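Summary of structural features
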Amino acid sequence: MPAPAPAASGHDVPFAAASPSPAYAAYPTPRAMDDGIGPEAYRQALEQSNAAARPLSLYVHLPFCQHACFHCTRRPVTTADRRLAEAYLSRLDREMVLIRRHLDPGREIRALRWGGGTPTFLTLDQMGDLIDRLDARFRLAADRDREYLIEIDPRGADVFTLRHLEALGFNRLSLEVLDLDPEVQRAINREQGRGMTEQLLDEAERLGFGSVNLNLVLGLPRQTRDGFIATLEQVIAMAPSRLSLFHYRHAPERFPGQRQIRSADLPAPREVRVMLQAAIERLAAAGYVHLGHDRYVRGGDRLVQALAAGRRRDDLVGLGVMAVSRLDALHVRNPLRLAAYEAALDRGELPTVAGHRLSLDDRLRGAAIEQLTCDHHLDLSAIGEAFGLDAEAHLAEPLARLAGAEPQGLIVREGPRWRVTPSGRLMIHRLAATFDAYLDAPSPQPEAPPS
Ligand code: SF4
């Protein structure tokens, strides 16, 4: 049955609006969380997670950075003093102890990720100390098929860092490149020569890292189509196994560092779409396959596992300030401010301050968003079958909004199947946002990190 025509509402998503929508690596986003959920609900969810025996992943948030990049939305702790990390590592250890009490010690950690901030802000000794603590508190897998990933700022890492990380058990790297155009780099206060990335890629290959991802960002100040394509061609020539194309979100009222960026230097949304179109074409020609969620992978990077992992729903335990945990039907978050995180642990309490319990409606909307962002289509029959209900009837309201994209040529309806057109791919986050029930909720300050 065709969805009704879209009704005008405050939630209507303007498909050509200037600021990008969330990227929806997970739904609901942290905007759905409120302070009605705290440590007790988290403890219960950890224990229920044992009974369900789902795979368990760990995310560790390391909030320190040596320099402030103007475009940043993470509000890291900016300092050159490595000793500040010591107190943080001991709080992380307390958090591990509190969580471990509720986890079955037999559960193995097959996926670990360190994000930030800049995880490589830690000294080599501090990194070793953190792995030792994680290993002592949890059961870290040691076989080749585990996925231990660390985010790296190439300005703060060298071949010795990679050798140390490999010895600690990491087998996946994610390098922040953003854009290689010096004009763009100056505009975001992040000067980073191409040679830094090349040196790390060479060493990563020599050491046998199974996967190296490079992150690029579209929509940065002073970015032009030609400049971005030049960056992309240099990056493709480096042949990383994975590439991610993220979108810059300009919100200087929320992120004070962005006030250093002149609005006049930002590329127009239409120019950003032209860059994205050109990038998609070049990546396809170079043999990269879309993995979903703005990520691309080359065939050599264990493609089948990568595709499966992109859909896998492990239980995720987040450690550290701002960290998010997702345990099936419960999502929780730690404080956004370092002082509040440390104070809770100094009182001997789990630092959970906000959360959200997923409803059937959340899960249905999440399934629709995942199909749109990963497969570029929406199959309501398949969703209905998976949930045992009439998905078209349940999702009538967001489908009415999505229908507003049809006259613009962004999506085509074919019975219960909606197909995203090549133009629609360039605005996939906006199409997905039609299913976001929390789009108008206030966003946490600063943003919770992806986990
Ligand atoms: S963009 Fe990355 S390196 Fe730069 S300040 Fe933000 S978290 Fe730190």
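Residues numbered from 1 in each chain as written. Predicted model: local features only at pLDDT ≥ 70, side-chain atom pairs only at ≥ 80, totals over all residues. Heavy atoms only, no water.

Within the protein chain, the regular secondary structure consists of 16 helices and 18 strands. In terms of overall dimensions, the protein chain is globule-like: its C-alpha atoms have a radius of gyration of 22 Å, near the 22 Å expected for 451 residues. Its C-alpha atoms put the protein chain at 60 × 50 × 40 Å along the principal axes. Taking all 451 residues of the protein chain together, the buried fraction comes to 54%. (Helix = DSSP H or I, 4+ residues; strand = E, 2+ residues; numbered from the N terminus. Rg over C-alpha atoms; globule rule 2.2 N^0.38 Å. Buried < 20%, exposed > 50% of the residue type's maximum accessible area, 1.4 Å probe, protein only.)

Attention now goes to the packing of helix H7 (residues 225-238) against helix H8 (residues 269-285). Between H7 and H8, whose axes approach to 10 Å, the crossing angle comes to 25 degrees. Classified by the angle their axes make, H7 and H8 are roughly parallel. Helix-helix and strand crossings are classified by hand; for H7 and H8 the assignment is right-handed. Contacts between H7 and H8 involve Arg-225, Phe-228, Ile-229, Leu-232, Glu-233 and Ile-236 on the former and, on the latter, Val-274, Met-275, Ala-278, Ala-279, Arg-282 and Leu-283. Each residue belonging to the contact of H7 with H8 can be placed in one class, and the counts come to 9 nonpolar, no polar and 3 charged. (Axes fitted to C-alpha atoms, helices over the stretch in contact; angles between N-to-C directions. Parallel < 35°, antiparallel > 145°, perpendicular 65-115°, else oblique. Left-handed = near helix turned anticlockwise from the far one by under 90°. Contact = heavy atoms within 4.5 Å. Nonpolar A, V, L, I, M, F, W, Y, C, P; charged D, E, K, R; others polar.)

The next thing to look at is the sheet that holds strand E16 (residues 377-379). As summarised here, the arrangement of the 3 strands in space is E16-E18-E17, forming an open sheet in which the pairing is antiparallel. Here the strands that pair on one side only, and so sit at the sheet edges, are E16 and strand E17 (411-414). Recorded for the sheet is a direction-independent mean angle of 15 degrees between the axes of neighbouring strands. Direction of pairing for E16 relative to strand E18 (residues 417-420): antiparallel, over a ladder of 3 bridges. Along E18, the bridge assignment pairs His-377 with Arg-419. On the sheet, helix H11 (residues 360-375) packs against E16, E17 and E18 and is oriented at approximately 140 degrees with respect to E16. (Pairing = 2+ DSSP bridges.)

Bringing the packing of aromatic side chains into the picture now. For the structure shown, the criterion picks out 6 aromatic pairs. Site record: aromatic cluster; members linked through ring pairs are Phe-64, Tyr-88, Phe-121 and Tyr-341. Between Arg-82 and the ring centre of Phe-121, over which it is positioned, the NZ or CZ distance is 4.4 Å. Arg-146 extends its terminal NZ or CZ atom over the ring of Tyr-148, reaching a point 5.3 Å from the ring centre. (Phe/Tyr/Trp six-rings, centres within 6.5 Å; stacked < 30°, edge-to-face > 60°. Lys NZ or Arg CZ within 6 Å of the ring centre and 35° of its normal.)

All right, on to the site of the ligand then. Close to the ligand lie Cys-65, His-67, Cys-69, His-71, Cys-72, Pro-76, Gly-117, Thr-118, Asp-153, Arg-155 and Arg-190. The residue inventory of the shell around the ligand, partitioned by class, reads 4 nonpolar, 4 polar and 3 charged. (Near = heavy atom within 4 Å.)

Consecutive side chains along a regular strand alternate between the two faces of the sheet. Strand direction decides the pairing type here: strand E8 (residues 211-218) and strand E9 (residues 242-247), joined by 6 bridges, are parallel. The residue bridging Leu-218 from the neighbouring strand is His-247, located in E9. The β-α-β motif built from E8, the intervening H7 and the parallel element E9 has right-handed crossover chirality. Of the pairings in the sheet, the one linking E9 to strand E11 (residues 295-298) comprises 3 bridges and is antiparallel in character. The residue bridging Ser-244 from the neighbouring strand is Arg-295, located in E11. (Right-handed = clockwise from strand over helix to strand, strands pointing away.)

The next subject is the environment of Arg-101. By the element assignment, Arg-101 lies in the loop between helix H2 (84-100) and strand E4 (108-116). Remark: the alpha-carbon pair of Arg-101 and Pro-256, spanning 155 residues in sequence, is separated by 39 Å.

This part is about the side chain of Asn-334. Structurally, the position occupied by Asn-334 is in the loop between strand E14 (330-333) and helix H10 (338-346). Here Gly-320 takes part through its backbone oxygen, which lies 2.9 Å from a polar atom of the side chain of Asn-334. (Polar contact = N/O pair within 3.5 Å; in protein donor to acceptor, adjacent residues only side chain to side chain.)

Further remarks concern the domain arrangement of the protein chain. For the protein chain, the assigned domains read domain 1 (33-170 + 313-358), domain 2 (174-305) and domain 3 (360-433). Placing the centre of domain 1 and that of domain 3 at their C-alpha centroids yields a distance of 33 Å. Listed as interface residues are 6 residues of domain 1 and, on the opposing side, 4 residues of domain 3. Interface of domain 1 and domain 3: buried area, both sides summed, is about 350 Å²; carbon and sulfur atoms make up 32% of it. Its largest share of buried area at the contact with domain 3, domain 1 owes to Arg-313, Asp-328 and Leu-358, together 79% of the area lost on that side. (Domains from an automatic or database assignment. Buried area = accessible area lost by both parts, 1.4 Å probe.)

Next up on the list: the environment of Gln-192. Position of Gln-192 relative to the elements: it lies in the loop between helix H5 (182-187) and helix H6 (194-207). C-alpha separation for the pair Gln-192 and Asp-153, spaced 39 residues apart in sequence, amounts to 9.3 Å. Polar side-chain contacts of Gln-192 include one of 2.8 Å to the backbone oxygen of Glu-176.

Where burial is concerned, most of strand E1 (residues 56-62) is hidden: 7 out of the 7 residues are buried. Residues Leu-56, Leu-58, Val-60 and Leu-62 line one face of E1 and the alternating positions Ser-57, Tyr-59 and His-61 line the opposite face, and both faces are buried. One ladder, built from 7 bridges, connects E1 with E4; its direction is parallel. Bridge assignment links Ser-57 to a residue of E4, and that residue is Ala-111. By the bridge criterion, 5 bridges tie E1 to strand E12 (residues 315-319) in an arrangement that is parallel.

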